[in-house]
Amino acid sequence: MTSGHRACGSGHTREESGRRVAAVFIGTEIALVSLVHSMRLIALALLLGGVLAPSVAAAKEPFVEGQTWGLEVGLGLGWVGDSSAYTRTLETFGFEDKHGCCWDPGAPRFRFSGAVERIVLPYFSVLLQTNLLDRQKWYRDSGLGEDDVFAWSSWTLDVQARAFLPVRKWFRVYAQFGVGPTFTGSRLYVQTTADAEQTKYREVDVGYNVAGLGGLELSSKHAGFFVQGGYFYSPSPKNRFGDAHQSGGGILLFGLSGHFGRPL
Amino acid sequence: MNRAALLVSLMMCLASVAACETDLVDDPGFQLWCGEELCAWDLEEGEIRKVPTWHTHDYGVDLVGAPVLLSQGARSSASCVRIEVTSKVEAGAMVTVEVDADGDGDVDLTVPVGGSERFVSRVHDVELDVSIEGVFYLRKSGQGEAVVARLRVSEECGW
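Residues numbered from 1 in each chain as written. Chains lettered and ligands numbered in written order. Predicted model: local features only at pLDDT ≥ 70, side-chain atom pairs only at ≥ 80, totals over all residues.

Colleague: Tell me about the overall build of chain B, residues and numbers included.
Modeller: Looking only at helices and strands, one finds one helix and 11 strands in chain B. Each helix and strand of chain B, placed in order from N terminus to C terminus, yields the pattern α-β-β-β-β-β-β-β-β-β-β-β. Burial statistics for chain B: of 159 residues in total, 34% are counted as buried. Taking the intrachain contacts of chain B between residues at least 6 apart in sequence as the baseline, contacts between residues at least 24 apart amount to 72%. (Helix = DSSP H or I, 4+ residues; strand = E, 2+ residues; numbered from the N terminus. Buried ≥ 20, exposed ≤ 12 C-beta atoms within 10 Å, placed from the backbone. Contact = placed C-beta atoms within 7 Å.)

Below is the structure:
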């Protein structure tokens, strides 16, 4: 009996051992699968710029030690469309975007940005931002000597709402959205009297713009740099016929930043 | 940029320099006003008015009522002529550009300016010997609004 019991018992033990082995295998498989998923998640997190794992650390280590004020100055390039209703009207009236034969009208153009940032909530800030958008200079044969010239440059003054994620206390990624007015100053140089001198006529067109931007920033406690890209929609300037020029378009900026002020 | 592209660009630059345009009329943009009159054009008949176009200070000439006739003598002679007209003309206004090539009083060429609801620019290239005595006319014969922002007449001698 005993042996039978033992046999029975040992059989039981073998079954349990088998179950344990199976459980170990299953557990190992689960662990492996979990590890693979974890690795994938970690890779994904790394790929997304540390969206998942560092968020806990972020709560402990706020970006630039939680200082609430920031300054940003950026330079870069912008892309606008080759033509617009506004520029086609200029062409109708004899103006040319003269840059020589080798100029590509779709080539990127200089952009500037400046901003003041105030962090108002954890991971959320408000900016007052200005951007130089498109600026162009057109010429027309006046038939009177000097060419007629028409030039303009567009500036924005936006309030931007920024949501940011402090991946490390020295590194953050962000997305922002803004609206505000666009001011386009234009100058027309034409000869309108029998005098040989040209007359300069200045005008300011006030329009609007909306912007969506994203970026990343690396910073020590007080100074850093950033990369920012996005898109502006800004139908300004407009002419007397209502034809507008999209002065916005895509932008890519590189800049310097500064941080100061007491933590929240 | 590779050498071939550079060569093509240089050739295009040279071609653009080589092409020449000699204006045959003064003030093609109707910009010069001496009071209520155009300084460079003679109003032979009818009434005209200075009006803004795409910009408050980029003017055009409004040919008021009908008939209206503006004229200007040729600045130089030419054997091939390009006529560029930028205008907004209502149907029925019947606007034409006319050329008296040798100044004998007979019109040798008439170019109709088509109607349009907004400003459009049209170009006409014609082979015509215009002497220094030649005269160019802008005529409106029918009723309806007609604003001409630009009438450029030039000699085209591009290669």
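From this point, the narrative continues.
Colleague: Describe the overall build of chain A, and please don't skip the residues or the numbers.
Modeller: On a plain count of helices and strands, chain A comes out with three helices and 10 strands. Put simply, chain A runs from its N terminus to its C terminus through helices and strands in the order α-α-β-α-β-β-β-β-β-β-β-β-β. Residues counted as buried form 28% of the 264 residues belonging to chain A. Of the contacts made within chain A by residues no fewer than 6 positions apart, 65% connect residues no fewer than 24 positions apart.

Colleague: Please give an account of unusual backbone geometry that cites residues and values.
Modeller: Residues and elements named next belong to chain A. In this structure, Pro237 follows Ser236 across a cis peptide bond, with omega equal to 10°. Tracing the backbone through its elements, the reader meets Pro237 in strand β8 (residues 235–238). Although it is not a glycine, Tyr123 sits at a positive phi angle of roughly 70°. Counting through the fold element by element, Tyr123 comes out in the loop between β2 (109–121) and β3 (124–140). Overall, Tyr123 belongs to the partly exposed group, with 17 C-beta atoms counted inside 10 Å.

Colleague: Give a description of the confidence of the model for chain B that names residues and reports values.
Modeller: Residue and element names in this part refer to chain B. In the predicted model, chain B carries a mean pLDDT of 88, and the fraction of residues at 70 or more is 86%. Of all helices and strands in chain B, the one with the weakest mean pLDDT is helix α1 (residues 3–18) (50), whereas strand β10 (residues 135–140) scores best (98). With pLDDT under 50 throughout, residues 12–18 is counted as low confidence; its partners more than four residues away or in other chains account for six contacts. Two summary scores accompany this predicted model of the complex, namely pTM at 0.78 and ipTM at 0.84. (pLDDT = per-residue confidence, 0-100.)

Colleague: Give me the interface of chain B and chain A: which residues, what numbers.
Modeller: Contact with chain B, which involves 29 residues of that partner, is made by 20 residues of chain A. Where the side of chain B that touches chain A is concerned, the elements lending two or more residues are α1, β2 (33–34), β9 (120–130) and β11 (146–156) of chain B. For the side of chain B that touches chain A, the element with the most residues is α1 of chain B, which contributes four residues. Residues of the side of chain B that touches chain A, tallied by class, amount to 12 nonpolar, 10 polar and seven charged. (Nonpolar A, V, L, I, M, F, W, Y, C, P; charged D, E, K, R; others polar.)

Colleague: Residues and numbers for helix α3 (residues 85–92) of chain A, please.
Modeller: Residues and elements named next belong to chain A. The set of residues buried in α3 consists of Tyr86, Thr87, Thr89 and Leu90. Across the axial projection of α3, the buried residues extend over an arc of 155°, all falling on one side. Where the residues of α3 are buried, they touch β3, β4 (148–168), β8 and β9 (244–246). Count one or two residues on from α3 and you reach Gly94, which has phi positive near 90°. (Arc of directions from axis to C-beta.)

Colleague: Residue-level account of the sheet that holds strand β5 (residues 171–190) of chain A, with values.
Modeller: The antiparallel closed barrel is built from eight strands, whose spatial order is β1-β2-β3-β4-β5-β6-β7-β10 (chain A). Going from strand to strand, the sheet's axes swing by 25° on average, the running direction of each strand aside. (Pairing = 2+ DSSP bridges. Axes fitted to C-alpha atoms, helices over the stretch in contact; angles between N-to-C directions.)

Colleague: Let's hear about the nonpolar core: which residues, and what values?
Modeller: Counting 44 residues, the largest nonpolar core has Val61, Leu63, Val130, Ala146, Val148 and Val153 of chain B as the members making the most contacts within it. Those elements that provide at least two residues to this core are α3 and β5 of chain A together with β5 (59–73), β6 (78–89), β7 (95–100), β10 and β11 of chain B. Among the nonpolar cores identified, the runner-up in size contains six residues, and Ala211, Leu213, Ile251 and Leu253 of chain A belong to it. (Core = buried A, V, L, I, M, F, W, Y, C linked by C-beta atoms within 7 Å.)

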